[in-house]
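Per-entry structural report
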Amino acid sequence: MLSLASVTKRYGSLTALAGVSLNIERGEFFGLLGPNGAGKSTTMSLIAGLRAPDTGTLTLDGQPLNAGSAVARLSLGLVPQHIALYSELNADENLRIFGSLYGLSGSDLRARIDAALEAVQLTDRRRDAVKTFSGGMQRRLNLVAALLHRPKLLLCDEPTVGVDPQSRNAIFEYLEQLNRDGLTIIYSTHYMEEATRLCSRIGIIDHGKLHALGTLDELLTKLPFEEEIRFPATPATAALAAQLPAHGELTTTTDGLHRFRPHPATKLSSFFSLAESHALPGRLFTSQRPTLEALFLHLTGRTLRE
Ligand SMILES: Nc1ncnc2c1ncn2[C@@H]1O[C@H](COP(=O)(O)OP(=O)(O)OP(=O)(O)O)[C@@H](O)[C@H]1O
Ligand SMILES: [Mg+2]
């Protein structure tokens, strides 16, 4: 559906995107995961046609996506990272403006606005000025404003920043429903939990480069360990800890736990026989699947929150 081929974007001497290639299929819920300054918003703005790339091409259904293209404008919806609403106007008036930008009017627009407000539980606040809304309510309105014209592809640029867990969940459920109904979604975030929960495929981006691309399971197989084991760093476990560096990577977390990532050749069963030889009970140990955070660190040497 959407294709980016060797896309580069510079701002003066800064290269914000360095040769990004990516194909998005219809119906995907694609996650773009990366820390501040990775190039997520730049990617979104190039797809939305707000900026033009320096080199490389973007196509939608085989047609070039030129900045300002009317076809693209009608096919795409962008939920911008920074809330773009008229704060002095009420929710209804805001949606009427967004709808008319897309050529909607009359009873059709009316019905779409009613449905949009209902979908994000803002019907009873529709006559209130947006400046009186909570951050989460503004986020929800910002989201439906991008959907009034029923785009085929929705670009969501960190749509949950500053949103409380309850509103966040409401946004997730709404997006999941839209995706089940056929909407293709590209969702940028620096929260691995969001990418893990929502996205059928994830691209890991940092310093303008895509470092890895795949389903969660595919990405996690890129890690040189399958499971990590945590246990308290105490005098009782010191002798075990002293032996572990021969079998994998051992680090100590700030909350007083040892974290052990076995070498690929190390079997979990041999770890547990070692623990048993030190008379340490199994309940001291918790094992855990690695996360996207661990993968990000492995690929880039940085954490997602840096
Ligand atoms: N208009 C601009 N002018 C100059 N530099 C810019 C501009 N927009 C972005 N940049 C730079 O380009 C790089 C990528 O920025 P971008 O906004 O795409 O990152 P991001 O992944 O969206 O980050 P964040 O999570 O903070 O929103 C950053 O180094 C940023 O400082
Ligand atoms: Mg951004």
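Structure: above.
Note that the coordinates shown come from a computational prediction; the quantities given were computed from them, not determined experimentally. (Residues numbered from 1 in each chain as written. Chains lettered and ligands numbered in written order. Predicted model: local features only at pLDDT ≥ 70, side-chain atom pairs only at ≥ 80, totals over all residues. Heavy atoms only, no water.)

1. Overview of the site of ligand 1
Put simply, the rule is: Throughout this document, a residue counts as near a molecule or strand when at least one of its heavy atoms sits within 4 Å of that molecule or strand. Polar contact is defined as a pair of N or O atoms within 3.5 Å, subject to the rule that within protein one atom must be able to donate a hydrogen and the other to accept it, and that residues adjacent in sequence are counted only when both atoms are side-chain atoms. Accessibility throughout is a Shrake-Rupley quantity obtained with a 1.4 Å probe, and a residue counts as covered only by protein chains that appear here. Think of it this way: any DSSP run of H or I at least four residues long counts as a helix, any run of E at least two long counts as a strand, and we number them from the N terminus. Asp, Glu, Lys and Arg are counted as charged, while Ala, Val, Leu, Ile, Met, Phe, Trp, Tyr, Cys and Pro are counted as nonpolar; the rest, among them Gly, fall into the polar class.
Taken together, 14 residues form the shell around ligand 1, and within it G37, K40, S41, T42 and E158 come nearest. Separating an oxygen atom of ligand 1 from a side-chain N or O atom of N36 is a distance of 3.1 Å. Measuring from an oxygen atom of ligand 1, one finds a backbone N or O atom of S41 at 2.8 Å. Contact with the protein chains covers 65% of the free accessible surface of ligand 1, which is 640 Å². Mapped onto the shell around ligand 1, the elements with two or more residues apiece are β2 (14–24) and α1 (40–47). At 3 residues, the largest contribution of residues to the shell around ligand 1 is made by α1. Considered class by class, the residues forming the shell around ligand 1 number 5 nonpolar, 6 polar and 3 charged.

2. Examining the coordination of the magnesium ion (ligand 2)
The test is simple: With water omitted from the atoms examined, metal sites may look incomplete; donors here are N, O and S atoms no farther than 2.8 Å from the metal, or 3.2 Å in the case of Na, K and Ca.
At this site the magnesium ion (ligand 2) is bound by S41 (OG) and Q81 (OE1), with donor distances of 2.0 to 2.1 Å. Note that S41 is positioned in helix α1 and Q81 in the loop between β6 (76–79) and α3 (91–101), a separation of 40 residues in sequence.

3. Quick look at the packing of α3 against helix α4 (residues 106–119)
As a reminder of what qualifies: Note on method: axes are straight lines fitted to C-alpha atoms, helices fitted across the in-contact stretch only, with angles between N-to-C directions ranging 0 to 180 degrees. Orientation labels follow simple angle bins: below 35 degrees gives roughly parallel, above 145 gives roughly antiparallel, 65 to 115 gives roughly perpendicular, and whatever is left gives oblique. If you view the pair so one helix is near and one far, a crossing is left-handed when the near helix is turned anticlockwise from the far one by less than a right angle, and right-handed when it is turned clockwise. Only heavy atoms enter the contact rule, under which two residues are in contact if any of them lie within 4.5 Å.
Between α3 and α4, the shortest axis-to-axis distance is 10 Å and the interhelical angle comes to 125°. The angle between α3 and α4 falls in the class oblique. The chirality of how α3 crosses α4 is right-handed. Across the interface between the two elements, A91, D92, L95, R96 and G99 from α3 touch L109, R110, I113, A116 and L117 from α4. Taken together, the residues of the contact of α3 with α4 break down into 6 nonpolar, 1 polar and 3 charged.

4. A look at the sheet that holds strand β10 (residues 209–214)
Operational definition: Strands are labelled as partners when DSSP assigns at least two bridges between them.
With respect to topology, 6 strands assemble into an open sheet ordered β6-β7-β8-β3-β9-β10, the strand pairing being mixed. Among the strands making up the open sheet, the edge pair consists of β6 and β10. Between one strand and the next, the sheet's axes are offset by a mean angle of 15°, whatever the strand orientation. Examined bridge by bridge, strand β7 (residues 153–157) and strand β8 (residues 184–189) share 5 bridges and lie parallel to one another. Looking at β8, one finds that L154 is bridged to I185. Where helix α6 (residues 165–180) meets the sheet, its contacts fall on β3 (29–33), β7 and β8, and the angle it forms with β8 comes to roughly 150°.

5. Here we look at the nonpolar core
What counts, and what does not: Residues enter a nonpolar core if they are buried and are Ala, Val, Leu, Ile, Met, Phe, Trp, Tyr or Cys, with the set joined through side-chain atoms within 4.5 Å. Residue burial is assigned from relative accessible area. The probe radius is 1.4 Å, only protein chains are included, and a residue is buried under 20% of its type maximum, exposed over 50%, and partly exposed in between.
Counting residues in each nonpolar core, the largest one holds 51 residues, and the members touching the most others are L95, L141, L143, L154, L175, I202 and L292. Ignoring sequence-local partners within four residues, the contact set of L95 consists of L109, I113, A116, L117, L141, V144, A145 and L148. L17, V20, F30 and L58 belong to the second largest nonpolar core, which has 23 residues in total.

6. Overview of the pattern of salt bridges
Definition in use: By convention in these notes, a salt bridge is any Lys or Arg side-chain nitrogen within 4 Å of a carboxyl oxygen on Asp or Glu.
A complete count under the given rule lists 16 salt bridges for this structure. A salt bridge links E88 to K131, with the shortest nitrogen-to-oxygen separation between them at 3.0 Å. Separated by 43 residues along the polypeptide, E88 in the loop between β6 and α3 and K131 in the loop between α4 and α5 (135–145) bring together distant segments of the chain. In terms of burial, E88 and K131 fall into one category: exposed. Residues R96 and D92 are paired through a salt bridge, measuring 3.3 Å at the closest nitrogen-oxygen approach. Here R96 pairs with D92, and both are found in helix α3, just 4 residues apart, close to one helical turn. Among the ionic contacts, a cluster of salt bridges with common partners joins D92, R96, R110, D114, R126 and R127.

7. Some details on the side chain of E228
For E228, the location among the structural elements is in strand β11 (residues 228–232). In terms of polar contacts, E228 uses its side chain to reach the side chain of R230, at 2.9 Å. Here R261 takes part through its side chain, which lies 2.8 Å from a polar atom of the side chain of E228. Once residues lying within four places of it in the same chain are set aside, the contact partners of E228 are R259, F260, R261, T286, S287 and Q288.

Just geometry here; none of it tells us what the structure is for.
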